[in-house]
Amino acid sequence: MNSQKAAVIDMGTNTFHLLLVELNQTGFKTIYKEKIPVKLGKGGINQNHLAEDAQKRAFHTLRHFKNLIDGEHIDQVFAFATSAVRNAENGKEFVRKVKEDIGITIEVISGVEEAQMIYEGIRLSGSLNGQVELMMDIGGGSVEFIIGTSQEVFWKQSFEIGGQRLLELFHYHDPILPEEISKLEAYLEIKLSSLIEAIERFKPTGLVGASGTFDTLTDIYFESMLQCKLTGQHVFELPLEEFEKIHRMLLSKNKEERLLIPGMIPMRVDMIVVASSLIEFILRYIPVRSITCSHYALKEGAISRVMKQFAAI
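Everything numeric in this text was worked out from a predicted model, so none of it was measured. (Residues numbered from 1 in each chain as written. Predicted model: local features only at pLDDT ≥ 70, side-chain atom pairs only at ≥ 80, totals over all residues. Heavy atoms only, no water.)

S.K.: In this structure, what is going on with unusual backbone geometry? I would like to understand it.
M.R.: With the exception of glycine, the majority of residues adopt a negative phi angle, and the majority of peptide bonds are in the trans configuration. A cis amide bond links D174 with the next residue in sequence, P175, at an omega value of 0 degrees. Even without a glycine there, the phi angle at K203 is positive, about 50 degrees. By secondary structure assignment, the location of K203 is in the loop between α7 (193-202) and β9 (206-210). Positive phi values are uncommon outside glycine, yet L226 reaches one of about 55 degrees. Take L226: it is sitting in the loop between α8 (212-224) and β10 (235-239). Given the relative accessible area of 79%, L226 is considered exposed. (Helix = DSSP H or I, 4+ residues; strand = E, 2+ residues; numbered from the N terminus. Buried < 20%, exposed > 50% of the residue type's maximum accessible area, 1.4 Å probe, protein only.)

Spelled out as structure tokens, the structure:
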């Protein structure tokens, strides 16, 4: 037996990801992947509640994923849920219903575990090159920050300030108003004080963004350069001045106009303004000429763990 299949379901606050892989001695090969904008946190994230229609969308998606997993005859299934389920008062009940009705066991991971798995995913992508990096992953519910090198993590923390939360708290007008940005930045300054201290202490010299928003930002950049991303490439560089250009454009447009930006995908169009503003805020504290964007994140971190188990067999 020199290869085996596994499935990973990453149940994020905004997006559910399915990844079906074949493991072998040297790594893994993707058989199939899919992402669906379930918006599990919509309408309840800041009340720590999973709304009824959000749960319906989740069940519909998980049944679809289960059919695909069964179709590939995969019995190694790793399903995990993050911020929305972690903080919801009805989260445990939701997990129980999924197990009962669909037969998928969900592991609800803590913010610290999530940060560690994101680090493992980023490391697997080959994004880290020896210097001290600040790594960040902007989810719908939480944002994870890790400071470390390809060898070790010096500091990591998860903050419940994800895109869906920030959207509901600050983005009332479209295009977003300058005073909404000011309120958002004042909020981040308070919420991220421990991160700002850690940056001063460990002095990272690079910024690595994982998946999600960073994928979309690089898609927009590549489209503007009339270039295609290479299949199989997991790491992309986004020059700082190009990020600034995209950021200013996002702030100036309403939703309809943002949808017309080449490279934009509909599932990111709402959250991308606050997410981009969060990146802009972080860039005040860290001197970089470009942002490294890792296509790998949490779900690849889970694959990395499965690979270790497989190698130990």
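Back to the text.
S.K.: Would you explain α8 in this entry?
M.R.: Every α-helix winds through 3.6 residues per turn, so residues three or four apart in the chain are directed the same way. Here α8 is 13 residues long and its end C-alpha atoms lie 19 Å apart, about the 18 Å a rise of 1.5 Å per residue gives. Along α8, 10 of the 13 residues are buried, which leaves the element largely enclosed by surrounding structure. For α8, the set of buried residues is G212, T213, F214, D215, T216, L217, T218, I220, Y221 and F222. On the buried face of α8, the contacting elements are β6 (133-138), β9, β10, α9 (240-252), α11 (272-283) and β11 (290-294). Remark: L226 follows α8 within two positions and exhibits a positive phi of approximately 55 degrees. (Expected span 1.5 Å × (residues − 1). Contact = heavy atoms within 4.5 Å.)

S.K.: Sorry, what's going on with the layout of surface pockets here?
M.R.: Here the idea is plain: a probe the size of a water molecule rolls over the atoms and shows the empty space left. By volume, the largest pocket is sized at about 510 Å³. For the largest pocket, the lining is made up of 26 residues, of which K33, D215, Q233, H295 and E300 are closest to its centre. Elements with a minimum of two residues in the lining of the largest pocket: β2 (16-24), β3 (27-36), α8 and α12 (298-312). Looking at which element gives the most residues to the lining of the largest pocket, the answer is β3, with 5 residues. For the lining of the largest pocket, the per-class residue count stands at 7 nonpolar, 10 polar and 9 charged. (1 Å grid on protein atoms, 1.4 Å probe; cavity = no way out; pocket = protein on both sides within 12 Å on 5 of 7 lines; lining within 4 Å. Points joined across faces, edges and corners; volume = space filled by probe spheres on them. Nonpolar A, V, L, I, M, F, W, Y, C, P; charged D, E, K, R; others polar.)

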